[in-house]
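For reference, the chains in residue letters:
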Amino acid sequence: MSQLIDFLQKLFETSDWPPRWICGEWSSFHGWLYITSDFAIWLAYFIIPVIIIYFIQRRPDIPFLPVFWLFGAFIIFCGATHILDALMFWWPAYRLSALVRFFTAIVSFVTVFALIRDLPKLLQITSLNSENNQPNEIEEYRSKIKALEKELSELKSNE
C-alpha cells in the first residue's frame, strides 16, 4: 500500500528519469519521426471520438449506444498514451504514463466484454438496407414528397 501512495504522491514528478532524448542514441531524424508519428496518432485518436460523439448526438435512437461511448473512451485513452510518449522526449512523466496505460487497459477490456455481451444482439439486427425495410421507407418518402409538392403548388397558386 505504501508503494501505491508513494506512486500517487509522485505522479507528476519527473526527477527520477531523464527525458527520452537523453536515453539512448537518438538521431534527430529518429526522434522527430517518433514524436511526429505519436502526435499524428494522438490527433487522429482525438478526432475519431469527436466524430463518434457528433454521430450519436445526431442519432440518439441508435441501438447499443453504450458501446459507442466505450469505443470513444477506448480511443481517447489509446491516444493519450501516444501523446504522453511524444512528450517523454522533454517531460519524462513515466508514472502518469503508467497510470494512463492502466486505465487504457481497463477501458479496453470493458469494451471487449461489452462487445462480447452485445454481439449476439448485434448479429440479430436486420440490415437497414434489407428488402423488408426499403418498401415501407420508400412509400413513406413518396407520401411526404407528394404532400410537400401539394403544399408548394397551393403556395404558388395563392401568390
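Residues numbered from 1 in each chain as written. Predicted model: local features only at pLDDT ≥ 70, side-chain atom pairs only at ≥ 80, totals over all residues. Heavy atoms only, no water.

**Q** Help me understand the side chain of R20, please; the structure alone is not making it clear to me.
**A** Structurally, R20 can be placed in the loop between α1 (2-9) and α2 (28-58). When residues no more than four places from it in sequence are discounted, the contact partners of R20 are W26, Y34, D85, M88, F89 and Y94. (Helix = DSSP H or I, 4+ residues; strand = E, 2+ residues; numbered from the N terminus. Contact = heavy atoms within 4.5 Å.)

**Q** Even after reading the chapter, I still don't get the confidence of the model for the protein, so can you show me in this structure?
**A** Detailed reading of the predicted coordinates is not advisable wherever pLDDT falls low. When the pLDDT values of the protein are averaged, the result is 88; 94% of them are 70 or greater. Across the protein, the secondary-structure element scoring lowest on mean pLDDT is helix α5 (residues 134-158), at 81, and the one scoring highest is α2, at 94. (pLDDT = per-residue confidence, 0-100.)

**Q** Please clarify how the pattern of salt bridges should be interpreted in this entry.
**A** Where charged atoms from two side chains of opposite charge approach closely, those side chains can pair. Across all of its chains, the model carries eight salt bridges by this definition. Salt-bridge contacts for R59 lead to D61; the nearest nitrogen and oxygen are separated by 3.1 Å. Via salt bridges that share partners, R20, D85 and R101 belong to a single interconnected network. (Salt bridge = Lys/Arg side-chain N within 4 Å of Asp/Glu carboxyl O.)

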